[in-house]
Amino acid sequence: MAAVAEQVSVPGLRPATAGRNPWALAWRRLRRNRIALAALVLFLLIVVLSLAAPLYAHDIAHDGNVLSPNLNGTTLVHGKLTPVMQQGGGVLKLGEAPIGPTWDLSHYFLGADGIGRDVAGLLLYGGRASLQIGVSSAVICCVVATLVALVAGFFGGLTDTILSRLMDIIWAFPVYLLAISIATVLLTKSTGIQVGFLHVSATSLWTPTVIIGFIYVPYVYRPVRGQVLSVVNKEFVEAAIAQGASNVRLIFSEILPNVVSTVIVLMPLMIATTILTEAALSFLSVGVQPPNVSWGTIINNGQALLYTRPWVSLAPGIMIVLTVLSLNVLGDGVRDALDPRAKLRVG
Amino acid sequence: MAGLIPRQRAGRPGPPPATAGTPLLEIRDLKVSFRTEDGLVRAVDGVNLTVNEGETLGIVGESGSGKSVTMMSVMRLITDPNAQFEGQVLYKGADLMALSQDQIRSIRGAGIGMIFQDPMTSLNPVYKVGWQIAEQIREHETMSKQAARARTIELLTAVGIPNAAERADSYPHEFSGGMRQRVMIAMAVSCNPDVLIADEPTTALDVTIQAQIIGLIRKLREDFGTAVVLITHDMGVVADVADRVAVMYAGRVVEQGTRHEVFYDPQHPYTWGLLGSIARLDRPRPRRLAAIPGMPPSLIHLPAGCAFADRCGHRFERCAERPELLNRQGTGHLDACHLTPERKKEVRDRTIHPELVEEKP
Amino acid sequence: MLTFIVRRTLWTVVVMFVITVLVFFIFFKTPGVDPARAIAGRNPSPQVLAEVRAQLGLNRPLWVQYGVMMKKIFITRDLVSYSNQGTRVVQEIFAAAPATLSLVFGASLIWIVMALVMGVAAAQLRGRIYDPILMILALIGVSTPVFWLGQVVNLITQSSLHSNVFKWLPPLGYTSFTTSPLLWFEGLIFPWITLSILYIGFYARVLRANLLEIQNEDYIRTARAKGLSERRVLVRHSLRTSMITFVSLFGLDFGALVGGGAILTEVVYGIHGVGFLTYQSLTNLDLPTIIAVVIYGAFFIVLANALVDIGYAWLDPRVRPT
């Protein structure tokens, strides 16, 4: 019966919260939410670790490049020089297997992958790619979706119908299949393609970024358009129209500030989703392409080593779970902080 | 309506019938507060009210005065985990606040019926209205589906729904607001309750429909002998139907008496303000409708003394001390204002509405 | 209702058409990509290239190319894979469908039951410690990549523990129900659980939020004021209205999974369904198969969308057209 409490507390809330900046209020609520704060700290920690990848790599790489194969190299295990690729290390003590975890931070802490690369180092570099793609595609997605939603909601009528129907169609398209289609076509041409002045190389991190950003546009478009529609007929917009404000000013100074909170609530959840999608596409080998690595590609490489060297797969998976979990928890916290009585409760 | 004879309530569990002399429903020192982010909100602050068999009690006050929360608490319908309750609610001698969930359920809908402010949202949108009424009947009485349906159609006819047999199979969104409120009323009286609590039943409706709904409630009371508690912020509605009136302000009852006493001899300055804000056609048109200056106080930081003092034009030193709801007249008319009756009369005559006293019958 | 269904069906046809056009453009008209070369597989000979051009009418006008493609997918169903020695791809998709359907049906059964239990339990236990615990579990489920979870499950069940605890478990792969119902069940039990984890988490969260939101609705207060038991209020009033959201989500997810969305689970468990087929085609860039899978997959999803809309109207009288 929160409705009753709300009704009652309206006069009561006045002295404490009325007239305060809503962002300051939201920040205060978020600061009180210890779980959300812990999630934020965890996420920032992962970001910092990934950004520091070169520092760590400098320490461990045989030739300063963690990403290049090291089939004939050696490393120190308990002070002894040991080959990175070991004969008879396979399932039946046959064949060649990469070295397992040494639990020594500067010497193949988590062991090596199928071509002798340091998994711990890959993990940090993979984190860079995964986070970069996750964050940039979520930003691209939110910006595009918000712009389209603003135009559709503001102009309404035929513009709205056409744009919304278009979004419905992209929405109807299976997410992974759409991404796979675009990615495979780009991959068939390994030199990359030229669209106008834009050169997209198949191996560039921007290829998965743009693909992932594009496929999720309708997921952000729908709630934001709903928000635009609820604002567009409010009195303050009419007041601005009466003052002779231009359409551009109306959209950007009157309506946009009122939908920003919706976008901010969606943002962490979108980053979580895009990171998972990137991992899935990379696992299917249509995401990040060599020589780049991401958490998804490391798991893909680890598939073949699953029963002999499980840490190659386990470690990046744990990183993905921690990152996505922290973002989801943070997303919940941001939503509760910005809109304590939110309608949108989907994670 | 005449065809609808109140039925015996066979085998209903619950408290024994009231003994003569005790009121049907008695609220004793009820306090309700909500813990919020900004502190404890005292929504109801020590309310005493009684409802006698067959009478209509009007509870008047601004939004946030605690009138709805009071009656919701009577029904134990406030499920907010942050709510705290104190005090007693005696229904036929049994304390509702102390009953088990099963016991209170047998009283909800059967002994005490309730209708709500917004008929648009108070009915479940996915069920036919007939189903929703029959559901309540079958919850409280052992009855076949056919019998419950026949009863439902009878009830819908009684509240003035044309083609009731057909309309029973319509969904709530297929009715107008007024018709939906009629459905709500039919549902609330379907088990012949002793008390009908109507929480702002006309607020969400058009003015013309309001009169019809109030007329319907009055008619039900006459036909069934049901006691009615009418919660409203509209003095006009109370003047129409209430036998007794309680005026609430900031979670407290500030004045209580018969309709005649409260309307023709109001004792509390807040009541004067409420009466002054009614537009009247039989008086010279005022330049503008009188309004009570200021805002209701914060329910978190209630003043220690009279809660109305800040908005009152007649405050004096004693107002810093909390006024009890007392009988200051020698009749059943209670009020919570420190002014002496003589002073009140004088001030009222002189300043607020001289015409009110001139017209004493 | 009939006009609504007709209108909805027409819209479905339009969406289908636009999707096929979109797919056609992605595969045949991406600037800088020669469709013949892309379709002919790796290092095609000039003869094969010429054959592909002739087969798909790539030298003819745009709309003819589109028409030829659609004809080969839907009518004659003789689209062939060049990377895979001329296999007919549409037939391959139909052969793979039972495995995918088995996987998705079983998983959806698990996730519906579990999500209902968890969502209702969390909503009912609100304010107690169980609610946040259940919701953190749900959130972990939502945050775990399904393919990685599959690997972890395989690591546990197929590796060291396989010689004792999981002795009964057959090796990875799919056995059809008609071959051996027991092997079918044993081989699918972990894929079912793995696939359902994400959806259990998601649906439990949605359901809990929905139930709590409905808890504040006026008609729930009315239901209580009527004297109904908490159980009846929950089942007949709260859950019944929550089902509107629940069922529409389910339709979309079910469609997406049948339409190829189960690819990750199929790959880690070696279940030769539609998703696995897609994966194989990806690894050898077998474009005709991918095109056919994408179009059939989209078809399923659009169909599911339409069914959801009709089901929505059936569940919610307010949107039901009269």
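**Some points on the overall build of chain C**
A tally of helices and strands in chain C yields 13 helices and zero strands. N-terminal to C-terminal, the α/β element order of chain C is α-α-α-α-α-α-α-α-α-α-α-α-α. Taken along its principal axes, the extent of the C-alpha atoms in chain C is 80 × 60 × 40 Å. The proportion of buried residues among the 322 residues of chain C is 45%.

**Describing the overall build of chain A**
The helix and strand tally for chain A stands at 13 helices and six strands. Expressed as a percentage of the 347 residues in chain A, the buried residues total 46%. Long-range pairs, those at least 24 residues apart, make up 68% of the contacts in chain A between residues at least 6 apart in sequence.

**Description of helix α12 (residues 295–303) of chain A**
The α-helix winds at 3.6 residues per turn, so residues separated by three or four positions along the chain end up facing the same way. Among the nine residues of α12 of chain A, eight are classified as buried, and the element is accordingly described as predominantly covered. The complete set of buried residues in α12 of chain A reads Trp 295, Gly 296, Thr 297, Ile 298, Ile 299, Asn 300, Asn 301 and Gly 302 of chain A. Those residues of α12 of chain A that are buried lie in contact with α5 (119–155), α11 (247–283) and α13 (311–338) of chain A together with α7 (146–158) of chain C.

**Topic: the confidence of the model for chain A**
Residue and element names in this part refer to chain A. Counting all residues, the mean pLDDT for chain A is 78, and 80% of those residues have values of 70 or more. Contacts of residues 1–18 to residues separated by more than four positions or lying in other chains number 46 contacts, the stretch itself having pLDDT below 50. Here residues 342–347 is a poorly scored stretch, pLDDT under 50, and it has 11 contacts once near neighbours within four places are set aside; other chains count.

**Brief notes about the interface of chain C and chain A**
One frequent convention defines the size of an interface as the accessible area lost when the parts assemble. Across the contact, 47 residues belong to chain C and 44 residues belong to chain A. Elements with a minimum of two residues in the side of chain C that touches chain A: α1 (2–28), α6 (130–143), α7, α8 (181–215), α10 (230–261), α11 (263–269), α12 (274–283) and α13 (287–315) of chain C. Per-element tally for the side of chain C that touches chain A: the top contributor is α13 of chain C, with eight residues. Of the residues belonging to the side of chain C that touches chain A, the class tally is 30 nonpolar, 15 polar and two charged.

**Some details on the confidence of the model for chain C**
Detailed reading of predicted coordinates is not advised where the pLDDT is low. Taken residue by residue, chain C gives an average pLDDT of 84. The fraction at 70 or more is 97%. Both scores are given for the predicted complex: the pTM is 0.82, the ipTM 0.86.

**Considerations on the pairing of strand β1 (residues 25–36) of chain B**
Residues and elements named next belong to chain B. The sheet contact formed by β1 and strand β2 (residues 39–51) spans 10 bridges and is antiparallel. In the sheet register, Leu 25 faces β2, and the bridge partner there is Val 51. Relative to strand β4 (residues 83–91), β1 is paired through eight bridges, and the arrangement is antiparallel. Bridge pairing links Ile 27 to Val 89 in β4.

**So, α10 of chain C**
Its 32 residues give α10 of chain C an end-to-end C-alpha distance of only 39 Å, which falls more than 12% under 46 Å, the value for a rise of 1.5 Å per residue. Of all the bends found along α10 of chain C, the most pronounced is centred on Leu 239 of chain C and spans about 40°.

**Quick look at the sheet that holds β1 of chain B**
All names here are of chain B. As summarised here, the arrangement of the four strands in space is β2-β1-β4-β5, forming an open sheet in which the pairing is antiparallel. Because the sheet does not close on itself, it has two edges, and the strands there are β2 and β5 (94–95). Those strands touched by helix α1 (residues 67–74) are β1, β2 and β4, and its axis lies near 110° from that of β1.

**Quick look at the pairing of strand β8 (residues 227–232) of chain B**
Residues and elements named next belong to chain B. The buried count for β8 comes to six of six residues, which makes it a mostly enclosed element. Side-chain alternation along β8 places Ala 227, Val 229 and Ile 231 on one buried face and Val 228, Leu 230 and Thr 232 on a second face that is also buried. Bridge count for strand β3 (residues 56–60) against β8 is five bridges, and the pairing is parallel. Within β8, the position partnered with Val 60 by the bridge is Thr 232. Pairing geometry for strand β7 (residues 195–199) and β8, over five bridges, is parallel. Of the residues in β8, the one forming a bridge with Ala 198 is Leu 230. At this point the chain moves from β7, through helix α7 (residues 207–224), to the parallel β8, and the crossover so formed is right-handed.

**Regarding the nonpolar core**
The nonpolar side chains of a soluble globular protein tend to be buried with one another. If you look at the biggest cluster of nonpolar residues, it comprises 282 residues, and the most contacted ones within it are Ala 179 of chain A together with Val 229 and Val 247 of chain B. Look past the residues within four positions of Val 229 of chain B in its chain and what remains in contact with it is Val 51, Leu 57, Ile 59, Met 71, Val 195, Ile 197 and Ala 198 of chain B.

**Here's the deal with the sheet that holds β7 of chain B**
All names here are of chain B. With mixed pairing, eight strands are arranged side by side in an open sheet as β6-β7-β8-β3-β9-β10-β12-β11. In this open sheet, the two strands that pair with only one neighbour each are β6 (112–115) and β11 (326–327). By the bridge criterion, two bridges tie β11 to strand β12 (residues 334–335) in an arrangement that is antiparallel. Within the sheet, the bridge partner assigned to Asn 327 lies in β12 and is Leu 334.

**Some points on the packing of α13 of chain A against α6 of chain C**
Put simply, α13 of chain A and α6 of chain C touch, their axes get as near as 9 Å, and they point 125° apart. As the angle between them shows, α13 of chain A and α6 of chain C are arranged oblique. Considering how the two elements wind past one another, α13 of chain A and α6 of chain C form a crossing that is right-handed. Residue-level contacts link Val 321, Val 324, Leu 325, Asn 328 and Val 329 of chain A of α13 of chain A to Leu 139, Ile 140, Val 142 and Ser 143 of chain C of α6 of chain C.

**Description of the environment of Leu 49 of chain C**
Residues and elements named next belong to chain C. Looking at where Leu 49 falls in the secondary structure, it is placed in helix α3 (residues 46–55). According to the C-beta neighbour criterion, Leu 49 is partly exposed, with 17 such atoms within 10 Å. When sequence neighbours within four positions are dropped, the list of residues in contact with Leu 49 reads Ala 36, Arg 37, Ala 40 and Pro 44.

**Re the packing of helix α3 (residues 129–140) of chain B against helix α4 (residues 145–158) of chain B**
All names here are of chain B. In the contact formed by α3 and α4, the axes pass within 9 Å of each other and the chain directions differ by 120°. Here the hand of the crossing between α3 and α4 comes out right-handed. Across the interface between the two elements, Gly 130, Ile 133, Ala 134, Ile 137 and Arg 138 from α3 touch Ala 148, Arg 149, Arg 151, Thr 152 and Leu 155 from α4. Of the residues assigned to the contact of α3 with α4, the class counts are five nonpolar, two polar and three charged.

**Structural notes on the environment of Asp 309 of chain C**
Residue position: Asp 309 of chain C is located in helix α13. The spatial distance from the C-alpha of Asp 309 of chain C to the C-alpha of Tyr 296 of chain C is 20 Å, given a sequence separation of 13 residues.

**Considering unusual backbone geometry**
Residue and element names in this part refer to chain B. A positive phi is found at Glu 200, a non-glycine position, where the angle reads about 45°. Tracing the backbone through its elements, the reader meets Glu 200 in the loop between β7 and α7. Positive phi values are uncommon outside glycine, yet Ala 250 reaches one of about 50°. The residue Ala 250 is located in the loop between β9 (244–249) and β10 (252–258) in this model.

Rules of the game
- Residues numbered from 1 in each chain as written.
- Chains lettered and ligands numbered in written order.
- Predicted model: local features only at pLDDT ≥ 70, side-chain atom pairs only at ≥ 80, totals over all residues.
- Helix = DSSP H or I, 4+ residues; strand = E, 2+ residues; numbered from the N terminus.
- Buried ≥ 20, exposed ≤ 12 C-beta atoms within 10 Å, placed from the backbone.
- Contact = placed C-beta atoms within 7 Å.
- pLDDT = per-residue confidence, 0-100.
- Nonpolar A, V, L, I, M, F, W, Y, C, P; charged D, E, K, R; others polar.
- Pairing = 2+ DSSP bridges.
- Expected span 1.5 Å × (residues − 1).
- Bend = angle between axes of the 7 residues up to and from the residue.
- Axes fitted to C-alpha atoms, helices over the stretch in contact; angles between N-to-C directions.
- Right-handed = clockwise from strand over helix to strand, strands pointing away.
- Core = buried A, V, L, I, M, F, W, Y, C linked by C-beta atoms within 7 Å.
- Parallel < 35°, antiparallel > 145°, perpendicular 65-115°, else oblique.
- Left-handed = near helix turned anticlockwise from the far one by under 90°.

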